[in-house]
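Breakdown of the fold
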Amino acid sequence: MIRLLLRSLRRNVTESRTLFALTVVGVALGVASVVAIQTLNQGSMQAFDGSVRAISGQAELSVLGMTPAFPETLLTTVLGDQAVAAAWPLCRTEVAVQGFPGLLLDVVGLDLLAPVRLPVAGRPTTADQTGGPSAGGMDGVLAALTTPGWVAVTPALAQQQGWAVGDSLLVSSGSRTAVLVLGALVDFQSLEPLAPRTLAVMDIAQVQARLARPGLVHQIDIQLRAGARPEAVAARLQERLGPGVQVVTPEQRSQDAQGLLAAFRLNLTALSMISVFVGVFLVLTTVQASLARRRGEFGLLRCLGAGPGQVVGLILAETAVMGLLGVGVGIPLGYWVASLNLATVSATLTNIYVLAGLEKLTLPPRVLAMAVGVGLLGAAGGALGPALEMARRDVVVLLAPVNLHEQTGRAARRLGWAALGLATLACGWFFLGGSQATYGGFIFGGLMMLALPLIVPLVVSLAAGRARPRGLGPALSLRNLAVRLHTSSLAVAALAVTVSMLVGITLLVGSFRTTLISWLDVTIRADIYVTTESWARAGNEAFMGRDLLADLRAMPEVAAVEEQRRLQVRTWPEGRRVWLNGIRAAGIPGAELVGRLPLQSGRPEQAAAALQEGEILIGEPLSRKGGLAVGDTLRLAGPLGPVAFRVGGVVYDYTSEGGTGFVTMETLLRHFPDEQTNNAALFLKDGRQVTAVRDRLRQEYLGSPLIFRSNQDLRREVLAIFDQTFAVTRTLQWLALLIAVLGVALNLVVQSRERSGELALLRSLGARRQQVFRLFLGEGLAMGVLGLLLGLGGGVGLAALLILVINRAYFGWTIRPSLPAGDLLLQAGLVLAAAAVAALYPAARAGLSRPDQLTRDDI
Amino acid sequence: MDTTVLELRRVTMEYGQGEAGPRRVLDGVDLSLSRGRSLALVGRSGSGKSTLLHLAAGILVPSKGTVHLAGQEISALSEARRTALRSTHLGLVFQFFHLLPHLTVGENVALPGWVAGRPHAGISQRAVQLLDRVGLADRAADRVGKLSGGEMQRVAICRALLLKPQLVLADEPTGSLDDATGRLIMDLLRDLVLGEGGSLLFVTHSRELAATADEIHTLHDGCLAGMPGGEGSP
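Everything numeric here is computed off the predicted structure, so don't read it as measured data.

When helices and strands are tallied, chain A shows 29 helices and 22 strands. Across the 859 residues that make up chain A, the buried fraction comes to 59%. Once local pairs closer than 6 in sequence are excluded, the contacts in chain A between residues at least 24 apart make up 82%. As displayed, chain A has an accessible area near 33300 Å², and 60% of this comes from carbon and sulfur atoms.

In structure tokens, the structure reads:
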């Protein structure tokens, strides 16, 4: 049997090179989609874990603030626990490096006397042999403690930026600047390969004094004595340290980040699965075509005593080889696609989720195993149906001439009913409670996407039946789709599913973008926005100096300055991360705060009064995820314990997926007594001066870490981040379209072989090569049109599901449906053009058919 | 006036260039057919009958010699010109009908008109007329899968006659039919072709059917031997 398998394979490859190649490429693209997404998904978590392990790899417990920073005096309490062998505080902040646009260092302030092993490389910094804290022993530690601005960076970063030990770096945290001296190179990546390249280590006291705030730390890492149970110690410490902090294991931190990224990752995974789904159609097409051609061969095998199991085994084994080849091509391809998207995903992680960015990718064994599984199961899934069909058939039937398309034609109606049944079941389940299930929206969408291909044979046969040919034109092309319904339906189905995804996501993104633009129109009302280079990453800890704010306020062109403090806090007792925005409003008539926070529920005048009375306006995602409405109470973990806010209104909010609450600065300071400003917005006396004032500010503060954006600049930047967030989605869309278009090509190649008799007949009746070519091109276009029309229907349904169900459940945003007509028209044109291009080769091949190829079995 | 529709002069056809050298299928064949006449070609399997038909249809080009159709030397024409000539001057009837199952009876008949790019209205009307003459007018909208073998061949004959070709070539047109149906079909074919002023060249294994032609030629090992026909001879 193995010898037979090898010979069959060899014959298949040599006789059907195009079919074989198209199938392998189809499987490869499906596998590539999964590998790309899973590599990025895993990478996003590994980047976080790598960052944690590089610094806290030896810690068994960590104390984290419920607000970003907490008093370092808590260290004494931690050390007082008998089970604690050692504990050391960390102060972390992100700083921008002046002169290196876009470069931010993840600075970790450490107690250099703590028992933390750091792999230090490089030469000492000064003539007195000062080196890294570990390499240089006590001398090194002394240098790190006493050299002003001593910092150690990774060798990789130093090499990339051309830095050497001894160099000075001007860095900024918020509007504050400091000079750091490169004291040593610390190879975190030897401890943890996925540690960020931008990690930098300083003495904690120096970080507090120069870049953060004295007396406050962000984390305390703990090593336990042998035999101590982490859970028990964590519970004890939690009780002693109070509600302002939480004591967690490294695993809990990882789970927290996973939860933060869950929706983002789930969406990408679902999209990548559509590519696999479409790839399965390709395999199905090839296997069916191959089996239809070789049915006599299988009939003979059965006559010679081969059992159904052997026939199925032979077919599946042949397909598995194609699957494996597809996996072999798909893994490097997927990795390459992931690499191309590294920067955009990294930007999304940092911009939207404020997590460590992705620097490099690895291919974990889990992803490799998934790729092999998807490739093999996808190929086997495509082959199983036709293989079982072949094994079930009577030997006599196998050996007789067959009109497979006639059987498929009869099956079309049955499949149509099955599609209707499945869609009804899915709707019934969803609307009678399934929508409440965790993955309800995805399951419903998946079932509807399964129903779509089932209805395709009926639609194709009805459309073909209604075509009234009057020549060798489009109508005959459409009619011809019914000739080999079993293959043309698969190609149309693959295209329909892909177009559904394309249209669904285009409608979602287009609607989201339009909604966002409308929201920006209302919310971005100041003339100039001032922030700092480190704000994008450091957020909480990037402050603007009071002097700066006073200077801005004193400018003759400035009517008023609005200040914003943005704080990441946690809900109580759930511990969900949310943002709290404290706003000191400028009090400009016509630009009142409530007017710029469009209300979803509640009345403007009441909301305005509520804000002044210390209540909170919450963003829609927080309202949905926390189940909160106007009048409810939102509890947040404050520095001294839970803080309760009455919800005075729910506002449309697209600033974060986790949710945001808005309070006045006075209310914020009452509960979180830490007066700082992260960003400022300037209202000018004369709105026509925006560009001039912005340019003057840029000139005046040249060399400072301040960023001045006009209203329009900010809008453009927000939209650029929005577009960047969907960059991976677009890659997936095009990958799936490529697979579907391959399906059209594959189907027409199959048809040009299976319909050689019909083509020979046309040629004998005097049809020119160009006529046959145009006929096939028309068939490609007909498949494109049908796939497009069905896909448009499916896409509108999918968009409704994404906008009204999945988006609301996972992200919590209201998106107002809109029709991005230009994008849709462009995509429709591209789909049709792609279908036509896919038809070129098969059409040219069909045009080469000769009239003397007509044989008795052909038609 | 020259009434010759088809003329083969000293036609030799060889296939292959293998170690054994080319295989000669036809060897110096001379044959001519005048307008309004029928010619039967008989011979054993492999004697070269189908090759001769392919040469007459311009599907193949002879290794040596010339083929003239309607006064034009088609063996000297390009493939595209031969194809065009086939579309307008020839009708073809096959043993296995070769009707397209996804088209209706009427559409199958109209197919040569579509290929030739003729206006739909005229083609459609002509197809209905022809179907009426073979007794299938009421089946024009049916799929061909519903027809019997004899009915299918009648449709194929209508298709061959659609554009009023000067010559109809029929390759064993009754080979897939029982004797009685075969005889009926053959009579119909001859009557229709000759009735429209065309000529008929057909290949058959049956001496009885061959006898209905004006001329009978026998192919034996690629060489032709002719004799006057039976009931149709002048």
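Moving on: the overall build of chain B. Helix and strand counts for chain B stand at 7 helices and 10 strands. Its C-alpha atoms put chain B at 55 × 45 × 40 Å along the principal axes. Scored against the burial criterion, the 234 residues of chain B give a buried share of 53%. Taking contacts inside chain B between residues at least 6 apart in sequence as the whole, the part at least 24 apart equals 67%. Counting every atom, chain B has about 9600 Å² of accessible surface; 49% of that belongs to carbon and sulfur. Measuring between centres, the 24 positive side-chain charges of chain B sit 4 Å from its 25 negative side-chain charges.

With 27 residues of chain A at the interface, the matching set in chain B holds 25 residues. Summed over both partners, the interface of chain A with chain B buries about 2400 Å², with 68% contributed by carbon and sulfur atoms. Linking chain A with chain B are 2 salt bridges. Residues Glu79(B) and Arg763(A) are paired through a salt bridge, measuring 2.4 Å at the closest nitrogen-oxygen approach.

All names here are of chain A. A complete count under the given rule lists 15 aromatic pairs over all chains for this structure. Aromatic pair phenylalanine 442 and tyrosine 810: ring centres 5.2 Å apart, planes at 75 degrees, arrangement edge-to-face. Of this pair, phenylalanine 442 sits in helix H15 (residues 440-466) while tyrosine 810 sits in helix H28 (residues 769-810), and the two are 368 residues apart along the sequence. A relative accessible area of 16% means that tyrosine 810 is categorised as buried. Each residue in the set Phe512, Trp519, Tyr654, Phe722, Phe726, Phe811 and Trp813 is aromatic and connected to the rest through ring pairs, giving one cluster.

We now examine the sheet that holds strand E1 (residues 4-15) of chain B. All names here are of chain B. As summarised here, the arrangement of the 4 strands in space is E2-E1-E4-E5, forming an open sheet in which the pairing is antiparallel. Edge strands, defined here as strands with exactly one partner in the open sheet, are strand E2 (23-34) and strand E5 (72-73). With 2 bridges joining them, strand E4 (residues 64-69) and E5 adopt antiparallel strand pairing. Within E5, the residue paired with leucine 69 across the bridge is glutamine 72.

Residue and element names in this part refer to chain A. Where helix H26 (residues 727-754) contacts H28, the axes come no closer than 10 Å and their chain directions differ by 140 degrees. For the element pair H26 / H28, the angle class is oblique. The handedness of the crossing between H26 and H28 comes out as right-handed. Together, Val744, Asn747, Leu748, Gln751 and Ser752 of H26 and Phe776, Glu779, Gly780 and Met783 of H28 make up the contact between the two elements. Residues belonging to the contact of H26 with H28 are distributed by class as follows: 4 nonpolar, 4 polar and 1 charged.

A word on the pattern of salt bridges. Residues and elements named next belong to chain A. Per the stated rule, a full pass over the model turns up 36 salt bridges over all chains. For the salt bridge of arginine 553 with glutamate 563, the shortest nitrogen-to-oxygen distance reads 2.6 Å. Remark: glutamate 563 occurs in strand E14 (residues 558-570) and arginine 553 occurs in helix H19 (residues 546-554); sequence separation between them is 10 residues. With a relative accessible area of 1%, glutamate 563 lands in the buried category. The partner of arginine 624 in a salt bridge is glutamate 620, with the nearest N and O atoms 2.8 Å apart. Here glutamate 620 and arginine 624 lie together in helix H22 (residues 620-626), a separation of 4 residues that amounts to about one turn. Arginine 624 sits in the partly exposed class, given a relative accessible area of 35%.

Attention now goes to the confidence of the model for chain A. Residues with a pLDDT of 70 or more make up 89% of chain A, whose mean pLDDT is 83. Below pLDDT 50 for its whole length, residues 121-136 of chain A participates in 35 contacts with residues either more than four positions away or in separate chains.

Here the focus is the nonpolar core. Across soluble globular proteins, nonpolar side chains have a tendency to be buried as a group. Ranked by internal contacts, the top residues of the largest apolar core, which has 192 residues, are Leu6(B) and Leu201(B). Residue contacts for Leu201(B): discarding those within four places in its chain leaves Leu6(B), Leu33(B), Leu39(B), Leu52(B), Leu53(B), Ala56(B), Leu167(B), Val168(B), Leu169(B) and Ala170(B). With 42 residues, the next largest nonpolar core counts Ile204(A), Val217(A), Val233(A) and Val247(A) among its residues.

Below, the discussion takes up helix H25 (residues 711-725) of chain A. Taking 1.5 Å per residue as the helical rise, H25(A) with its 15 residues ought to reach 21 Å, and the 21 Å between its terminal C-alpha atoms agrees with that figure. Within H25(A), burial applies to Asn711(A), Asp713(A), Leu714(A), Arg715(A), Leu719(A), Phe722(A) and Thr725(A).

For the rest of this paragraph, the subject is unusual backbone geometry. The omega torsion of the bond from Trp572(A) to Pro573(A) falls at 5 degrees, within 30 degrees of zero and hence cis. The backbone of His98(B) sits at a positive phi, close to 50 degrees, despite the residue not being glycine. Along the chain, the position of His98(B) falls in the loop between strand E6 (90-93) and helix H3 (105-116). His98(B) gets classed as buried once you look at its relative accessible area, which sits at 4%. Of note, Glu172(B) is a non-glycine position whose phi angle comes to about 45 degrees, a positive value. Mapped onto the elements, Glu172(B) comes out in the loop between strand E7 (167-171) and helix H6 (179-195).

Residue and element names in this part refer to chain A. By the secondary structure assignment, serine 656 is in the loop between strand E19 (641-651) and strand E20 (660-664). For serine 656, a relative accessible area of 4% translates into the label buried. Here glycine 659 takes part through its backbone nitrogen, which lies 3.0 Å from a polar atom of the side chain of serine 656. Within polar-contact distance, the side chain of serine 656 engages the side chain of threonine 660 at 3.4 Å. Contact partners of serine 656, with chain neighbours within four places excluded, come to Arg566, Trp579, Pro621 and Trp813.

What follows covers the pairing of strand E11 (residues 219-224) of chain A. All names here are of chain A. With respect to burial, E11 is a largely interior element, 5 of its 6 residues being buried. Two elements, strand E1 (residues 61-65) and E11, share 4 bridges in a ladder whose sense is antiparallel. Directly across from leucine 64, in E11, lies its bridge partner glutamine 219. Pairing geometry for strand E3 (residues 84-97) and E11, over 6 bridges, is antiparallel.

Residue and element names in this part refer to chain A. If you trace the backbone, glutamine 238 turns up in helix H8 (residues 230-241). Not counting residues within four places of it along the chain, the set of residues in contact with glutamine 238 comprises Val245, Gln246 and Val247. Among the polar contacts listed, one links the side chain of glutamine 238 to the backbone oxygen of valine 245, at a separation of 2.6 Å.

Packed helices, taken two at a time, are described by the angle between their axes plus the distance between the axes. Residues and elements named next belong to chain A. Taken N-terminus to C-terminus, the directions of helix H2 (residues 17-56) and helix H12 (residues 365-392) make an angle of 155 degrees; their axes are 9 Å apart at the nearest point. By the angle class used here, H2 and H12 are roughly antiparallel. Pair H2 / H12 crosses with right-handed handedness. Touching Val27, Val31, Val34, Val35, Gln38, Thr39 and Gln42 of H2 are Arg366, Val367, Met370, Ala371, Val374 and Gly375, all from H12.

Residue and element names in this part refer to chain A. If you trace the backbone, arginine 565 turns up in strand E14. For arginine 565, a relative accessible area of 2% corresponds to the buried category. Polar side-chain contacts of arginine 565 include one of 3.3 Å to the side chain of asparagine 678.

Moving on, we come to helix H17 (residues 485-523) of chain A. Counted at 1.5 Å a residue, the expected span for H17(A) with its 39 residues is 57 Å, and the 55 Å between its end C-alpha atoms agrees. With respect to burial, H17(A) is a largely interior element, 33 of its 39 residues being buried.

Parameters at a glance
Residues numbered from 1 in each chain as written. Chains lettered and ligands numbered in written order. Predicted model: local features only at pLDDT ≥ 70, side-chain atom pairs only at ≥ 80, totals over all residues. Heavy atoms only, no water. Helix = DSSP H or I, 4+ residues; strand = E, 2+ residues; numbered from the N terminus. Buried < 20%, exposed > 50% of the residue type's maximum accessible area, 1.4 Å probe, protein only. Contact = heavy atoms within 4.5 Å. Areas by Shrake-Rupley, 256 points an atom, 1.4 Å probe, with all protein chains shown as cover. Lys, Arg positive; Asp, Glu negative; His and termini not counted. Charge placed at Lys NZ, Arg CZ, Asp CG, Glu CD. Buried area = accessible area lost by both parts, 1.4 Å probe. Salt bridge = Lys/Arg side-chain N within 4 Å of Asp/Glu carboxyl O. Phe/Tyr/Trp six-rings, centres within 6.5 Å; stacked < 30°, edge-to-face > 60°. Pairing = 2+ DSSP bridges. Axes fitted to C-alpha atoms, helices over the stretch in contact; angles between N-to-C directions. Parallel < 35°, antiparallel > 145°, perpendicular 65-115°, else oblique. Left-handed = near helix turned anticlockwise from the far one by under 90°. Nonpolar A, V, L, I, M, F, W, Y, C, P; charged D, E, K, R; others polar. pLDDT = per-residue confidence, 0-100. Core = buried A, V, L, I, M, F, W, Y, C linked by side-chain atoms within 4.5 Å. Expected span 1.5 Å × (residues − 1). Polar contact = N/O pair within 3.5 Å; in protein donor to acceptor, adjacent residues only side chain to side chain.

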